[in-house]
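Letter by letter, the chains look like this.
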Amino acid sequence: MSSKESCRIELRTAIRQLSDRCLYSASKWAAEQLVGIEQDPAKFTPSNTRFQRGSSSIHRRFRTNEITSTPPTGVAYVSTPVMEEDEAIHGDFYLLAKSYFDCREYRRAAHVLRDQTGKKSVFLRCYSLYLAGEKRKEEEMIELEGPLGKSDAVNRELVSLERELATLCKNNTIDPFGLYLYGLVLKEKGNENLARKVLVESVNSYPWNWSAWSELQSLCTTVDILNGLNLSNHWMKEFFLASIYQELRMHNESLSKYENLQGMFTFSNYIQAQIAKARYSLREFEQVEVIFEDLLRNDPYRLEDMDTYSNVLYTKECFSALSYLAHRVIMTDKYRPESCCIIGNYYSLKGQHEKSVVYFRRALKLNKNYLSAWTLMGHEYVEMKNTPAAVDAYRRAVDINPRDYRAWYGLGQAYEMMGMPHYALHYFRKSVFFQPIDSRLWIAMAQCYESEQLHMLEEAIKCYKRAANCNDTEAIALHRLAILHRELDQPEEAAFYYKKDLERMEAEEREGPNIVEALMFLATHYKTQKKFEEAEVYCTRLLDYTGPERETAKSLLRGMRIAQSGFPSMDVEHFHP
Amino acid sequence: MAGVVKAPGAFAITPHKVSVCILVNIYASPSQISVPFPFSSVSQHNRLGLYLLALTKSCDDILEPKLDQLINQLREIGGLLDHWLTDHVTSRLSSLSSPDDLFNFFNELRETLGGPDSGVMEDDQVILDPNSNLGMFLRRCILAFNLLTFEGICHLLTNIGIYCKEAISSCSSYELRRVDDSGNDFESLSEDENMDLNLVFKKINEEMEARKRATEQVSFHLHLPKELSTLVEDIEVSADPKSEHNDKGRESSSYASGELLRDVDPNGGVFLRTNWQIQGYLMEQADAIEKHGSSFTLNAFELTLRQLQKLAPELHRVHFLRYLNNLYHDDYFSALENLLRYFDYSAGTEGFDFVPPAGCNSFGRYEIALLCLGMMHFHFGHPKKALEVLTEAVRVSQQHSNDTCLAYTLAAMCNLLSEIGFSTTSGILGSPFSPMISVGTSLSVQQQLFVLLKGSLKRAESLKLKQLVAANHLAMAKFDLTHVQRPLLSFGPKTSMKLRTCPIIVCKELRSGYHLISEFCCEGSTMTADGAFSTAWLKNLQKPMGSLVLSQDNGSRNNYNPFLFFTQPSSIPGSVMQLVGSSYLHRATAWEIYGSAPLARANALVYATCFADASSSSDAALVHVKLIQHLAVFKGYKEAFAALKTAEEKFLCVSKSRILIMKLQLLHERALHRGHLKLAQQVCDELGVLASSVTAVDMELKTEASLRHARTLLAAKQFSQAAAVAHSLFCMCYKFNLQVESATVLLLLAEIHMKSGNAVVGLPYALASLSYCQTFNLDLLRASATLTLAELWLSLGSNHAKTALTLLHGAFPMILGHGGLELCARAYITEAKCYLSDPSFSVSKNPELVLDPLRQAADELQALEHHELMAEAFYLMAIVFDKLGQPEQREEAACSFKNHVMSLDHPHDVEDPIQSDTLLNA
């Protein structure tokens, strides 16, 4: 990886170039990473950094050095390119257009630039036209039918934009930003293959545009597509890979990439949040909570990825923390899908499912492709026993992203609730296919097999075994395994699992009827096996408990003592009945 | 919306409705004279009125007509007024240039309506009654307009602009269209955006055309879809409504899957499509898919469906159609995916049409999903899975007391059990969790099937599901045909008299299917889809133009009657036809098994001639197979292969079609007769491969293949191997309760032992086969078993010749009346042999008694090219002539004998095209 300093230089230039082209979210992202780079402790003084960030003279100085800033390691062979600047007179128009753009007057901005031919101007004109079309599309969507129903609103600028950009591309007079926009337009038009090609070209010649990478990511839905991409080496590629691995549910790969990147971008909130999300997918909730708490301390007004945090709080049933978070996000920005989702989660935790549905609906109105809101809404409908509505919501989630294991799981659950375990199995199978490390899914599937209607115990055992292997926090699997083996008349296996379950309960210091049950079984089992010593141990442990088991244990002990003392007579008895 | 079905008829104001409003305004302009200004006669005025009624009736459509389509229709309606009307509409529309114009326009409209107090009016004054159809329409439009937000008004305005612009841009193309008078020209398309769409459609069209040329398909108009497809003809209002146009319409409607694309095509000239119409269209397509199976174009239809889905995302039935499409193209994963998606979205509420629409429970009808899933697994050949799913379906439908679904599920289960060979159902059906059969696991599959069938029939009868009753009767007949009733435990000779299948019962069951047709005749239209209803309006549209009959007495009729009158050429729904047709198929099969060739042939012919239109492609193929087999057995191979050629042209020869199987069978038999053993083995192997394809093992085919394998081995004189194969085959038949087949296999075993010179061993086999035949009333097979028995006796020594002859003579009526060429020839030869080996018979006294049958045998075998038997016949002839002392004739016979033996030993390779053809194909 290139040195921190060169990274910093590249990013600084990129931020300036990106925001000059009004690619604000990309520049926001780049800036976050820039600040995330660890400062050299020797040079680090607070005033120094403040100066560096604020001063334009520094920028100017760096601009003159741009060409020499190629990293010496040679890994990233794309250096920060010098973008050609439009001439001064056109530059004035550009400034006007940019200010219009900044005031969200997109059409006006495009109009100002109508006769400009510089690459930068052309890009900004096309970009503002695109955004104007998008804005109108959004408005029309609301005006026509609402985002949940039928909507045939389209971006009316796409056709002309595509034509213009295609010509530019053909004449080879297009810069990486133009390529990015072209890719965007192509994707919207449904021409995914070409879009992918164009975007790859864009990121290869200008890797610092994170928006281009994200668009590319949304076009790579399988590993095969990803492997088919011809990407040049650059540290930005690492970010891309980490992100897409997460999307493709290769969580461990993703996590290692992020941790690698964290070596350089030590203070990057973005990386921290992504790590949290990856860990969330790996169900390491404790760590996730810590990370998010840390993140919120540094960046208290952050909304991105906070819905994941709320999910963690929900799973851990932290009422007050969740309500605090909900309060905070609503003060920050009420009309963000994440905010609505967090509030929905809060109401759900409180058991007020109707209200919760209202907020999820609002989140979906804000972004109808908001995957987790559909799924969570499905959960709420399940709670409200409105299974058809739940099925519908889950199905929409699945149709948006077929890899969403939660929605598949929800579908399975809904059908199981309706007494259709066989039908539900298909959905559970889908769900475990996408998330094989979640014990709950395996347990749900096992319960399905175990159900009275199917009674396929062998299969249930297989599922429970998988569940037991993937960190079953609720410890259902071991217990069920023991019981199933007992029912199938396989005492050896049953004893094995009872023992394991017992060890586990001891380790977690749990109490309850399961312990008694396990002890009882083990005692009788070892007695029939004539392993009296073990049996005695379990019997004595049983004596600590009250209830009928205690009496049974006593009689067992008595019986064993008699058997041990009168071994021969017992033997005779055994053979001549 | 999640879980909430969106109200279908959210009445929104659209440019099309605005122009209808303009027309209504013209029609009912407040004037004092009886015929308002532009109209010259009352009938002209009325005609516009009728047209407007039709338009308003179908205002809840998915796609509205473009302005130029409207103008085209106005040309039809308006007659002399044509120009005035179109000009008026277009100018009025284009005058709407600001939101305020729209406000004024709708205010004007309000004046057209008579107020509530203006109930008393003069006779000759035209004022729209606010409660009339047109008045209601206007009021709804005005209300919808008043409810619009300002943004909505802006949208309406832009839409009107687009609406007008499109009409203008396609005006020139309209002229062009008039010149060559073709509805299908695409050159005239002017808009860029439609270009690629058109290219696609063009391609599809070409593809369909090519297919049509390749396979001369029967036109597929069924009951409910009929209205729809005829609708297409009628609504393409052309300049001259002559029959020539209708023909074209019919033709175009048989590219049914391209049809919808034309909707989107602005110049396609298609009228309104209501929601119901789309439903109807989808149903038609569903029938078409079933009928044409895999010859239906997958991708073209998929494209149409995708487009439809984009236009109407709430129309979930599209998913179902996609499922069907994938199902018939053997795409398991997509089929499964689409099926589940469909039921997830629709909750089964629009799944099947037999479900009463009353939404008695809000739970949804997921049991139907299970039923469909079960049938899908069955189709893909996962019988065990299918059975599991169907069991669940039974349970869930019991739970939700959906008796209809339960009855259908039981029927599906019966079908599954009878079609697919289960050696045992224990663990699936017989498990204590099975809902129906609580009797336990002790029952055999057949008994379970019987119980199920009875239960299903009773249920269907009590629910008055006529089609299901008929289908159940057919299934029952099938069961009775191949299974003896009651104990089913032993087949010893002692009880053989009691344990028999009963042809009368079979016949009774088959007959009860006919009641269906009479019941449907009197019931009439109750089964038609609602989609047909709204189309009736448009259908009638043409009538007032052609003649004035309807327009004059329209007031006295309600709109339902003309609908019935005009749109129902045949009142019998296609599915009923299909059922009745399949009862004929069953009869043909039954007679085939019982051994009456002429009756089997007659029934097959009835089916082929009367029910060809309604039948699915697989049923039609089956009938052809039966007829061709008949030809092969009775007329020889030449004719059979000629017929096969035509059949192959008719049905696309897909991977596992019946036609292909039959072709292999014919080839195998001919190869055996000619002595091409290598070829026979090759063909036999191919059959074996077909039997165990990816989609489940076809027990019937598997038995067939190994039977033929044994035959080939026998012909190659590898007796022990042949016996081994036949033996294992018998074991399999026994295991899977294929008793009819067992009889055949036993007979084959007897033959093998006879040919290997072990007549004593063969005898018990022949006798066992005979007893099977008696049990199942397999008369023809019994005759041939008797023949084999006679041959066996004969080969035991000349002192048994008398016994053999008596046996043979007993079987003769059956053999000569119903047997094929080979069987007759064998019987003749055996008869001759009996006489010859009888020591008390003297040839010189009565030569014709021997020579006559031999000559006949030789004649009949000629068509079959059966060298082995021919050689035998000529050999015997030569001996007879020798004894008679006629050396010339003896030499002649001996020469023929030599020829046949030579060609048997050295099969000369004069291959005909058909044979090499298959080998290439295979």
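Computed from a prediction, not measured in an experiment: that's the story for all the values here. Numbers given to residues run from 1 along each chain, matching the order in which its sequence is written. Here chains are named by letter from A upward and ligands by number from 1 upward, in the order in which they appear as written. Where local features are concerned, this predicted model is filtered to residues with pLDDT of at least 70; where side-chain atom pairs are given and counted, the filter is 80 or more; whole-chain, interface and lining totals use all residues. Side-chain numbers here rest on the full set of heavy atoms in the structure, without hydrogens or water.

For the rest of this paragraph, the subject is the overall build of chain A. If you tally the helices and strands in chain A, you get 32 helices and zero strands. Burial statistics for chain A: of 577 residues in total, 52% are counted as buried. Contacts in chain A between residues at least 24 apart in sequence constitute 57% of all its contacts with a sequence separation of at least 6. Computed by Shrake-Rupley with a 1.4 Å probe, the accessible areas treat only the displayed protein chains as cover when residues are assessed. Counting every atom, chain A has about 27100 Å² of accessible surface; 51% of that belongs to carbon and sulfur. Numbered from the N terminus, helices here are DSSP runs of H or I no shorter than four residues, and strands are runs of E no shorter than two. Residue exposure (1.4 Å probe, protein chains only): buried if accessible area is under 20% of the type maximum, exposed if over 50%, otherwise partly exposed. Residue contacts follow a heavy-atom distance rule, with two residues in contact if any of their heavy atoms lie within 4.5 Å.

On a plain count of helices and strands, chain B comes out with 44 helices and two strands. For chain B, with 922 residues in total, the buried portion stands at 54%. A separation threshold of at least 6 residues defines the contact pool for chain B, and within that pool the share at least 24 residues apart is 70%. When the accessible surface of chain B is totalled, it reaches about 40400 Å², and 57% of it is carbon and sulfur.

All names here are of chain A. Despite not being glycine, Cys-22 has its phi angle at roughly 65°, a positive value. Summarising the element assignment, Cys-22 is placed in the loop between α1 (4-20) and α2 (24-36). With a relative accessible area of 2%, Cys-22 lands in the buried category. Its identity as a non-glycine residue notwithstanding, Asn-172 has a phi of 60°, on the positive side. By relative accessible area, Asn-172 is classed as exposed at 63%.

Moving on: helix α37 (residues 759-776) of chain B. Residues and elements named next belong to chain B. An expected span of 1.5 Å times one less than the residue number is assigned to each helix. Look at α37: 26 Å from first C-alpha to last across 18 residues, which is about the 26 Å you get at 1.5 Å a residue. Burial in α37 covers these residues: Ala-759, Gly-762, Leu-763, Ala-766, Ser-769, Leu-770, Tyr-772, Cys-773, Thr-775 and Phe-776. Where α37 terminates, the next one or two residues include Asn-777, which has phi positive at roughly 60°.

Residues and elements named next belong to chain B. For every element, the axis is a line fit to its C-alpha atoms; helices are fit only across the contacting stretch, and the angle between N-to-C directions ranges from 0 to 180 degrees. Their axes nearest at 8 Å, the elements helix α36 (residues 739-755) and α37 cross at an angle of 160°. Classified by the angle between their axes, α36 and α37 sit roughly antiparallel to one another. Crossing hand, α36 versus α37: left-handed. Mapping the contact onto sequence places Gln-739, Ser-742, Ala-743, Leu-746, Leu-747, Leu-749, Ala-750 and His-753 in α36 and Ala-759, Val-761, Gly-762, Tyr-765, Ala-766, Ala-768, Ser-769, Tyr-772, Cys-773 and Phe-776 in α37. Of the residues in the contact of α36 with α37, the class split is 13 nonpolar, five polar and no charged. Working definition: roughly parallel below 35 degrees, roughly antiparallel above 145 degrees, roughly perpendicular at 65 to 115 degrees, and oblique for all remaining angles. Should the near helix be turned anticlockwise from the far one by less than a right angle, the crossing is termed left-handed; should it be turned clockwise, right-handed. For this classification, the nonpolar set comprises Ala, Val, Leu, Ile, Met, Phe, Trp, Tyr, Cys and Pro, the charged set comprises Asp, Glu, Lys and Arg, and every other residue, Gly included, is treated as polar.

This paragraph deals with the nonpolar core. To qualify as a nonpolar core, a set must consist of buried Ala, Val, Leu, Ile, Met, Phe, Trp, Tyr and Cys residues joined through side-chain atoms within 4.5 Å. Core analysis: the biggest nonpolar cluster contains 136 residues, and Tyr-415 and Tyr-423 of chain A together with Met-376 of chain B have the highest contact counts within it. Those residues within four positions of Met-376 of chain B in sequence are excluded, and the remaining contacts are Tyr-323, Leu-327, Tyr-332, Ala-335, Leu-336 and Leu-339 of chain B. Counting residues in each nonpolar core, the second largest holds 100 residues, with Cys-7, Val-185, Phe-265 and Tyr-359 of chain A among its members.

Aromatic pairs are defined between Phe, Tyr and Trp rings, using the six-membered ring for Trp, whenever the two ring centres lie within 6.5 Å; interplanar angles under 30 degrees are classed as stacked, those over 60 as edge-to-face, and all others as tilted. In the structure shown here, the tally under the stated rule is 43 aromatic pairs over all chains. Both rings, one in Tyr-347 of chain A and one in Tyr-359 of chain A, keep their centres 5.7 Å apart while their planes meet at 20°; by these two values the pair is stacked. Highlighted residues: Tyr-347 of chain A in helix α19 (residues 337-349) and Tyr-359 of chain A in helix α20 (residues 353-366), separated in sequence by twelve residues. Neither residue differs from the other here; Tyr-347 of chain A and Tyr-359 of chain A are each classed as buried. Plain terms: the ring middles of Phe-103 of chain B and Phe-145 of chain B are 5.4 Å apart, the flat faces sit at 75° to each other, and that makes the pair edge-to-face. Of this pair, Phe-103 of chain B sits in helix α5 (residues 99-112) while Phe-145 of chain B sits in helix α6 (residues 133-147), and the two are 42 residues apart along the sequence. Relative accessible area serves as the criterion here: at 36%, Phe-103 of chain B is assigned to the partly exposed category. Aromatic ring contacts, followed pair by pair, group Tyr-24, Phe-101, Tyr-106, Phe-123, Tyr-127, Phe-177, Tyr-206 and Trp-208 of chain A into a single cluster. Geometrically, a charge over a ring is one whose NZ (Lys) or CZ (Arg) sits within 6 Å of the ring centre while staying within 35 degrees of the ring normal. Between the NZ or CZ atom of Lys-120 of chain A and the centre of the ring of Tyr-94 of chain A, over which it lies, the distance is 4.7 Å.

Below, the discussion takes up the UniProt feature "repeat: TPR" (unreviewed entry) in chain A. Residue and element names in this part refer to chain A. UniProt records the feature "repeat: TPR" (unreviewed entry) for residues 337-370, 371-404 and 405-438 in the present numbering. Helix makes up 79% of residues 337-370 and strand 0%, and the two end C-alpha atoms of the span are 8 Å apart. Helix makes up 79% of residues 405-438 and strand 0%. Its end C-alpha atoms lie 10 Å apart. UniProt positions are given in the numbering used here, feature names are shortened, and annotations may be inferred rather than shown by experiment.

All names here are of chain B. Per-residue confidence for chain B gives a mean pLDDT of 70, with 66% of residues at or over 70. Each residue carries a pLDDT score, the predictor's own confidence in it, on a scale running from 0 to 100. Taken together, the stretch residues 1-9 has pLDDT below 50 and engages in 21 contacts with residues farther than four places along the chain or on a different chain. This model gives residues 207-272 a pLDDT under 50, and the stretch forms 163 contacts once residues within four places in sequence are excluded. Two numbers describe this predicted complex: its pTM, 0.67, and its ipTM, 0.70.

We count a salt bridge whenever a side-chain nitrogen from Lys or Arg sits within 4 Å of a carboxyl oxygen from Asp or Glu. Tallied over the entire structure, the rule returns 53 salt bridges over all chains. Between Arg-196 of chain A and Glu-192 of chain A there is a salt bridge, and its shortest N-O distance comes to 3.9 Å. Taken together, the residues span about one helical turn, with Arg-196 of chain A and Glu-192 of chain A both in helix α10 (residues 192-205) at a distance of four residues. For Glu-337 of chain B, the salt bridge goes to Arg-395 of chain A, with nearest N and O atoms at 3.6 Å. Of this pair, Glu-337 of chain B sits in helix α16 (residues 332-346) while Arg-395 of chain A is found in helix α22 (residues 387-400), placing the two residues in two different chains. The two residues Glu-337 of chain B and Arg-395 of chain A agree in class, both being buried.

Moving on: the packing of helix α32 (residues 658-674) of chain B against helix α34 (residues 699-715) of chain B. Residues and elements named next belong to chain B. Their axes nearest at 11 Å, the elements α32 and α34 cross at an angle of 15°. Classed by the angle they form, the pair α32 and α34 counts as roughly parallel. The hand of the α32/α34 crossing is left-handed. Judged by residue contacts, Ile-661, Gln-665, His-668, Glu-669 and Leu-672 of α32 engage Leu-701, Glu-704, Arg-708, Arg-711, Thr-712 and Ala-715 from α34.

With that out of the way, let us pick up a nonpolar patch on the surface. Patches here are clusters of residues that have more than 30% relative accessible area and form no salt bridge, with a 9 Å joining cutoff for like charges and a 5 Å cutoff for nonpolar side chains (Val, Leu, Ile, Met, Phe, Trp, Tyr). Residues Val-760, Val-761 and Leu-796 of chain B make up a contiguous nonpolar surface patch of about 220 Å² in total accessible area. Tracing the sequence through the fold places Val-761 of chain B in helix α37.

Moving on: the side chain of His-673 of chain B. Residue and element names in this part refer to chain B. Topologically, His-673 is positioned in helix α32. In this structure His-673 comes out as buried when scored by relative accessible area, which is 6%. Contact partners of His-673, with chain neighbours within four places excluded, come to Tyr-637, Glu-822, Leu-864, Glu-865, His-866, His-867, Glu-868 and Leu-904.

Residue and element names in this part refer to chain A. The end-to-end C-alpha distance of helix α27 (residues 476-487) is 16 Å, a good match for the 16 Å that twelve residues give at a rise of 1.5 Å each. What α27 keeps buried is the set Ala-477, Leu-478, His-479, Leu-481, Ala-482, Ile-483, Leu-484 and His-485. Contact partners of the buried residues in α27: α25 (439-450), α26 (457-469), α28 (491-508) and α29 (513-528). In the stretch just after α27, Asp-489 is the one whose phi turns positive, near 65°.

Take the environment of Asn-133 of chain B next. Residues and elements named next belong to chain B. Relative to the helices and strands, Asn-133 resides in helix α6. Between the alpha carbons of Asn-133 and Leu-52 there is a distance of 9.6 Å; along the sequence they are 81 residues apart. When sequence neighbours within four positions are dropped, the list of residues in contact with Asn-133 reads Leu-53 and Lys-57.

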